[in-house]
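Here is what each chain is made of, one letter per residue.
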Amino acid sequence: MVLSWKQLFLLSFLGCLGGELLLQGPVFVQEPSNSVFPVGSQDKKVTLNCEARGNPPPHYRWQLNGSDIDMNMGHRYKLNGGNLIVINPNRNWDIGSYQCFATNSLGTIVSREAKLQFAYLENFKTRMRSTVSVREGQGVVLLCGPPPHSGELSYAWIFNEYPSFVEEDSRRFVSQETGHLYIAKVEPSDVGNYTCVVTSTVTNARVLGSPTPLVLRSDGVMGEYEPKIEVQFPETLPAAKGSTVKLECFALGNPVPQINWRRSDGMPFPSKIKLRKFNGVLEIPSFQQEDAGSYECIAENSRGKNVARGRLTYYAKPHWVQLIKDVEIAVEDSLHWECRASGKPKPSYRWLKNGEGLVLEERIQIENGALTISNLNVTDSGMFQCIAENKHGLIYSSAELKVVASAPDFSRNPMKKLVQVQVGSLVNLDCKPKASPRALSFWKKEDTVVQEHARISLLSDGGLQIVNVSKADGGMYTCTAENQFGKANGTTYLVVTEPTRITLAPSNMDVSVGESVILPCQVQHDPLLDIMFTWYFNGALTDFKKDGSHFEKVGGSSSGDLMIRNIQLKHSGKYVCMVQTGVDSVSSAAELIVRGSPGPPENVNVDEITDTTAQISWEAGTDNHSPVVSYAVQARTPFSVGWQTVTTVPEVIDGKTHTATIVELNPWVEYQFRVVASNKIGGGEPSLPSEKVRTEEAVPEVPPSEVSGGGGSRSELVITWDPVPEELQNGEGFGYVVAFRPLGVTNWIQTVVTSPDSPRYVFRNESIVPFSPYEVKVGVYNNKGEGPFSPVMTVYSAEEEPTVAPSQVFAQSLSSSEIEVSWNTIPWKLSNGHLLGYEVRYWHNGGGEEEESSSKVKVAGNETSARLRELRSNLAYYTAVRAYNSAGAGPFSATVNATTKKTRFL
């Protein structure tokens, strides 16, 4: 369809009316691809795809081998959208190259070429094959000779009967290039019939040739001979970029030759290269430029070797480097379209317009693939295609050229209604209406034409530039734009203001944690302008809602002061006050340094440990802007209450020292250490604890305390002490050495108490004199040795109970409820111990009670009487007295009695 220039102008004009009618030339969404049709297939049609978008929607036509396809032949062709359906494809009529043409009112584009091929495989001719007669040890080649075919084939051989296929190994090889069977060295087991099997990889059809008999000659065995290469690749073999290349090589020989490969230039094979079929096939996947070169196949046995050589050359179909894109250009302007493609050999270029070869003329030129059209007119509009091609293929790039003609129009790019600038600055007033061809512009201020002078320039794009703007430059500016199709006006009002200045800027500050500060930011600005303050902290906009607990803006309308309350370490950094108006912006920055107590030291390690010392080291943490002046070391054990400061060498650790020796530790105790740093602000957080370490064992140094004793049963010496705490035991195997001797005796009796928690020892012996003095001391020991003894203490052996009863026991009634009992003290020797007192027992027989159910009272040892109270009246009570001490009670005295007085009634 050919349009007149008036129609093209109208379409171009309509396309500019605010987007009401969006016209688009055809663009392929889907293009046809090469296709292979299997002859004899059950499917009776082939579909070649083609789809394009555009407005108006495109219509389609097809060509076969450069000639239009007659779509009126409905029994052979049909269109489904843009897809071409070939009905009952015929290899004589339908083979060839197909192209799709998509056309709408803006032009035509042509698809890439798609080849339709037919795959078939005919039967072998039914003729007998001659017998092949060879000597044992001789090599042989059995020919296949495939029947007429189209499409790729694969080959195999049957030995005698199906399905017994010839297995390939270092001695037998089936070439997928020729189909022949090669036997490097015939053996008696090879005698039999061989049948070539040919399979179409497209149709999967399979045909079998006539059997070829292989027999052995009877005139002897073939001797050894050097390899003879029967299968080799061409001297020159082109290979496409990205393809998989397979090189075959096989040799006859006796002994069976070994096949090896190499590059002629000595370069090693990359890892992607594979050797298959017992080295008979070299496979190069994804062939690239660096894979090109000369390759050698070496066949070798004990009789010699032979070499076959061939060169792989690299080629690449064209591939786009730069595509052409849709352009819209005004009439009378020039077009320069460049398309570039890579490929080997280097591609050549040609151009199509609306599906036909572009006709060159004086203003239309092509150079190195680039298209140039000068002095464009609307009839140059249309669909263009750049074709890059070499002998291996061709590719298409499509784009639309739209040549437009229109009067100036500000609707799509209106001028700014208001422009604000400050005194002394530079301002550009834009005037860029849509116009084809480009409009010429002139300016007026109010009613006066603007003339160029030292401060005012008329720009090439139609704009107006004023430098060093003054208050007098303010006012209404009008731009008038005109071309041969009409003219239009646009206006801008220029407002000139005084510059904004910061009168009080924030300054650098140095504060401590917990303080509150104000960073000032006050300005002087033009009253015509609204002003806005913003603060940035370390490059991020301050969020006063999120950080309201610390940040607050204070001050009046011309002030943006920032208050920071309860300042923290995290508030150190750069603060920027940004002041913005509709015309300008100014800013000022200040550094705020927040000093705090140090952060925790890091990586506390115990480098060396002895029984009483530990060498530790650490790394400095953050000093939080105040240098560390000292370190303190703390320790804890399973026996301590929390962390305790320890003694170190040096005693005072300065801020530059990161090692210390801890002294006065207890042996065989598990410790953890941590370090606290201090600066002028104060002490910081402690470090993480070190790993747990145990001091080494040592001889115990602390004897038990509170050594004492006494009491117990007859013939016993009881010795007691307070056990030594675990943290002072200094090692495993801790126990006590108990030593004692009668007072005045020279030699010590010693015994061992193995339990570290035991608080006493009892010595039993019938020879012990009651209540005799002993010198006693208790020492300590562990696996490392014996420690010191406690001071010597005097302890008495167990006492002996009294042996005599009190005499002169007398009882008298004092009242109806009281009786007094008295006695003489018993004779007492100090060697028996300490007399603790007397026990008085009493009972009555009025109720038939026995002595066993009597009551008793006790009095101290210096007392010789006791009063019995709360007795019943007018009743005879019996009583007896005995002495007692810590060893027990002595015998009772003789029994005496007294009767309580009668109760008198008034």
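Residues numbered from 1 in each chain as written. Predicted model: local features only at pLDDT ≥ 70, side-chain atom pairs only at ≥ 80, totals over all residues. Heavy atoms only, no water.

### A short note on the overall build of the chain
Across its full length, the chain holds one helix and 83 strands. Expected size for 906 residues packed as a compact globule is a radius of gyration near 29 Å; at 60 Å, the chain overshoots this value by more than 25%. In terms of its C-alpha atoms, the chain occupies a principal-axis envelope of roughly 165 × 125 × 70 Å. Within the chain, the proportion of its 906 residues that are buried is 41%. Within the chain, contacts between residues separated by at least 24 positions form 65% of all contacts whose residues are at least 6 apart in sequence. Roughly 47,600 Å² of accessible area belongs to the chain as shown, and the carbon and sulfur atoms make up 48% of that amount. Here the chain contributes 84 positive and 98 negative side-chain charges, whose respective centroids are spaced 7 Å apart. (Helix = DSSP H or I, 4+ residues; strand = E, 2+ residues; numbered from the N terminus. Rg over C-alpha atoms; globule rule 2.2 N^0.38 Å. Buried < 20%, exposed > 50% of the residue type's maximum accessible area, 1.4 Å probe, protein only. Contact = heavy atoms within 4.5 Å. Areas by Shrake-Rupley, 256 points an atom, 1.4 Å probe, with all protein chains shown as cover. Lys, Arg positive; Asp, Glu negative; His and termini not counted. Charge placed at Lys NZ, Arg CZ, Asp CG, Glu CD.)

### Brief notes about the state of the cysteines
One pass over the structure, following the stated rule, counts six disulfides. With a sulfur-sulfur separation of 1.9 Å, Cys-144 is cross-linked through a disulfide to Cys-196. Since a negative S-S torsion denotes a left-handed disulfide, the Cys-144-Cys-196 link at about -80° is left-handed. With Cys-144 in the loop between strand E13 (140-142) and strand E14 (149-150) and Cys-196 in strand E18 (residues 192-200), the pair connects residues that are 52 residues apart, well separated along the chain. (Disulfide = S-S within 2.5 Å.)

### Some details on the pairing of strand E11 (residues 114-121)
Here is the key point about a regular strand: its side chains alternate between the two faces of the sheet. By the criterion of burial, E11 is predominantly enclosed, with six of the eight residues buried. In terms of strand pairing, strand E2 (residues 35-38) meets E11 through four bridges, oriented parallel. Within the sheet, the bridge partner assigned to Ser-35 lies in E11 and is Leu-116. One ladder, built from three bridges, connects strand E9 (residues 96-104) with E11; its direction is antiparallel. Residue Ser-97 lies in a different strand from E11, and its bridge partner there is Lys-115. (Pairing = 2+ DSSP bridges.)

### Some remarks on the packing of aromatic side chains
Per the stated rule, a full pass over the model turns up 22 aromatic pairs. Between Trp-721 and Tyr-736, the ring centres sit 5.4 Å apart and the planes meet at 50°, which makes this aromatic pair tilted. Of the two residues, Trp-721 sits in strand E69 (residues 716-722) while Tyr-736 sits in strand E70 (residues 735-742), which places them 15 residues apart along the sequence. A single burial state applies to Trp-721 and to Tyr-736, both of which are buried. Here Phe-734 and Tyr-736 contribute two aromatic rings whose centre-to-centre distance is 5.3 Å and whose plane-to-plane angle is 85°, an arrangement assigned as edge-to-face. On the basis of relative accessible area, Phe-734 is assigned to the buried category, the value being 4%. Of the aromatic side chains, those joined through ring pairs into one cluster are Phe-173, Tyr-182 and Phe-250. The ring of Trp-668 is capped by Arg-694, whose NZ or CZ atom sits 4.6 Å from the centre of that ring. We note Lys-777 situated over the ring of Phe-789; from NZ or CZ to the ring centre the distance is 4.6 Å. (Phe/Tyr/Trp six-rings, centres within 6.5 Å; stacked < 30°, edge-to-face > 60°. Lys NZ or Arg CZ within 6 Å of the ring centre and 35° of its normal.)

### Description of the sheet that holds strand E33 (residues 348-353)
Read from one edge of the open sheet, five strands run E30-E38-E37-E33-E34, paired in mixed fashion. Bordering the open sheet on either side are strand E30 (327-330) and strand E34 (356-357), each of which pairs with just one other strand. Alignment of E33 against strand E37 (residues 382-390), held across six bridges, turns out to be antiparallel. Among the inter-strand pairings, Trp-351 is bridged to a residue of E37, identified as Cys-386.

### Let's talk about a nonpolar patch on the surface
On the surface, Leu-418, Met-476 and Tyr-493 cluster together to form a nonpolar patch covering roughly 260 Å² of accessible area. The topology assignment puts Met-476 in strand E47 (residues 475-483). Met-476 sits in the partly exposed class, given a relative accessible area of 31%. (Patch = residues over 30% accessible without salt bridge, like charges linked within 9 Å, V, L, I, M, F, W, Y side chains within 5 Å. Salt bridge = Lys/Arg side-chain N within 4 Å of Asp/Glu carboxyl O.)

### Some words on the side chain of Arg-363
Within the secondary structure, Arg-363 is located in the loop between E34 and strand E35 (364-367). A polar atom in the side chain of Arg-363 sits 2.8 Å from the side chain of Asp-380. (Polar contact = N/O pair within 3.5 Å; in protein donor to acceptor, adjacent residues only side chain to side chain.)

### Overview of the environment of Ile-85
With respect to the helices, strands and loops of the structure, Ile-85 is situated in strand E8 (residues 83-87). On the basis of relative accessibility, which here comes to 9%, the residue Ile-85 falls in the buried class. When the C-alpha atoms of Ile-85 and Phe-250 are compared, they prove to be 46 Å apart, with 165 residues separating the residues in sequence.

### What about the pattern of salt bridges?
Per the stated rule, a full pass over the model turns up 34 salt bridges. Of the charged contacts, one joins Lys-228 and Glu-230 as a salt bridge, the two residues approaching to 3.3 Å between their closest N and O atoms. One salt bridge connects Glu-552 with Arg-565, and the closest N-O pair in it is separated by 2.4 Å. Taken together, the residues span a long stretch of sequence, with Glu-552 in strand E55 (residues 551-554) and Arg-565 in the loop between strand E56 (561-564) and strand E57 (573-580) at a distance of 13 residues. A relative accessible area of 30% places Glu-552 in the partly exposed class. One network of salt bridges, in which partners are shared, links Glu-818, Glu-820, Arg-867 and Arg-869.

### Quick notes on unusual backbone geometry
Cis geometry is found at the peptide bond from Lys-344 to Pro-345, where omega equals 0°. Take Pro-345: it is sitting in the loop between strand E32 (340-344) and E33. The phi dihedral of Asn-88 is positive, around 45°, even though this residue is not glycine. Within the secondary structure, Asn-88 sits in the loop between E8 and E9.

### Some details on the sheet that holds strand E77 (residues 819-824)
Pairing is antiparallel across the open sheet formed by three strands, whose spatial order is E76-E77-E80. Two strands lie at the open edges of the sheet, namely strand E76 (807-813) and strand E80 (865-868), each paired on one side alone. Pairs of neighbouring strands in the sheet enclose a mean axial angle of 15°, with direction left out of account. (Axes fitted to C-alpha atoms, helices over the stretch in contact; angles between N-to-C directions.)

### Here's the deal with the nonpolar core
If you look at soluble globular proteins, the nonpolar side chains tend to sit buried side by side. The biggest cluster of nonpolar side chains holds 23 residues, and the ones touching the most others in it are Trp-337, Trp-351, Leu-371, Ile-373, Phe-384 and Leu-401. Contributions of two or more residues to this core are made by strand E31 (335-338), strand E36 (370-373), E37 and strand E38 (393-404). Per-element accounting of this core gives the leading share, four residues, to E38. Apart from residues no more than four positions distant in its own chain, Leu-371 is found in contact with Leu-335, His-336, Trp-337, Trp-351, Leu-358, Ile-364, Gln-365, Ile-366 and Phe-384. (Core = buried A, V, L, I, M, F, W, Y, C linked by side-chain atoms within 4.5 Å.)

### Some points on the environment of Arg-91
Mapped onto the secondary structure, Arg-91 falls in the loop between E8 and E9. Separated by 105 residues in sequence, Arg-91 and Cys-196 place their C-alpha atoms 27 Å apart. Aside from chain neighbours lying at most four places away, what touches Arg-91 is Val-39, Phe-118, Tyr-120 and Glu-122.

### A few points about the side chain of Ser-687
Checked against the element boundaries, Ser-687 lands in the loop between strand E66 (670-678) and strand E67 (693-694). Contact partners of Ser-687, with chain neighbours within four places excluded, come to Pro-600, Pro-601, Val-604, Arg-674 and Val-675.

### Thoughts on the pairing of strand E61 (residues 630-636)
Here E61 pairs with strand E64 (residues 653-654) via two bridges, running antiparallel. Bridging across to E64, Tyr-631 finds its partner in Ile-653. Pairing of E61 with E66 involves seven bridges; the strand directions are antiparallel. Paired with Ser-630 across the bridge in E66 is Ser-678. Of the pairings in the sheet, the one linking E61 to strand E62 (residues 644-645) comprises two bridges and is antiparallel in character. The partner of Gln-634 across the bridge, within E62, is Thr-645.

The analysis is restricted to geometry; functional conclusions fall outside its scope.
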